[in-house]
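The residues making up each chain are set out below.
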Amino acid sequence: MQNDEIMNGDMLVETIENQLADGNPIKVKETLMRLMMTGTPREEAIEMMACALSVEVYDVAKNDGSFNLKRYSENLNALPDMPWEFED
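This is a predicted model, so every value here is computed, not measured.

Conventions used here
Residues numbered from 1 in each chain as written. Predicted model: local features only at pLDDT ≥ 70, side-chain atom pairs only at ≥ 80, totals over all residues. Heavy atoms only, no water. Phe/Tyr/Trp six-rings, centres within 6.5 Å; stacked < 30°, edge-to-face > 60°. Buried < 20%, exposed > 50% of the residue type's maximum accessible area, 1.4 Å probe, protein only. Axes fitted to C-alpha atoms, helices over the stretch in contact; angles between N-to-C directions. Helix = DSSP H or I, 4+ residues; strand = E, 2+ residues; numbered from the N terminus. Parallel < 35°, antiparallel > 145°, perpendicular 65-115°, else oblique. Contact = heavy atoms within 4.5 Å. Nonpolar A, V, L, I, M, F, W, Y, C, P; charged D, E, K, R; others polar. Expected span 1.5 Å × (residues − 1). Arc of directions from axis to C-beta.

> With reference to specific residues and values, describe the packing of aromatic side chains.
With the rule as written, the count across this model stands at one aromatic pair. Ring centres of Phe67 and Tyr72 lie 5.3 Å apart, and the angle between their planes is 75 degrees; on these two criteria the pair is classed as edge-to-face. The exposure class assigned to Tyr72 is buried, which follows from its relative accessible area of 0%.

Here it is as structure tokens:
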């Protein structure tokens, strides 16, 4: 991936699937289980989780920063709500 290229949706979903397979961070598996237990289909839950991941990927690319696991976990906790959609 080039420095100025941000991950696309398929890459984000693949990253979530890899996090699930690796069990790291554990919050990803916990979030998937929680969403599915409340009736969200697996594919939809993965897509929501990819949205939470995209917040971090965007921030890293925009600010040339590092991945913020705490904020990523907080965004996963907020699902199915996506409060970051309304931030400026």
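> Outline the packing of helix 1 (residues 9–22) against helix 2 (residues 26–37), listing residues and values.
Packing of helix 1 against helix 2 leaves a shortest axis separation of 8 Å and a crossing angle of 105 degrees. Between helix 1 and helix 2, the angle is such that the two are roughly perpendicular. From helix 1, Ile16, Gln19 and Leu20 reach across to helix 2, where they touch Val28, Lys29 and Leu32. Its residues assigned to classes, the contact of helix 1 with helix 2 comprises four nonpolar, one polar and one charged.

> An account of helix 2 is requested, with residue identities and associated values reported.
Under the 1.5 Å per step criterion, the end-to-end length of helix 2 is 17 Å for twelve residues, consistent within 8% with the ideal 16 Å. Among all positions of helix 2, only Val28, Thr31, Leu32 and Leu35 are buried. Seen along its axis, helix 2 keeps its buried residues to an arc of 100 degrees; they face one direction. Following helix 2 by one or two positions, Gly39 adopts a phi angle in the positive range, close to 100 degrees.

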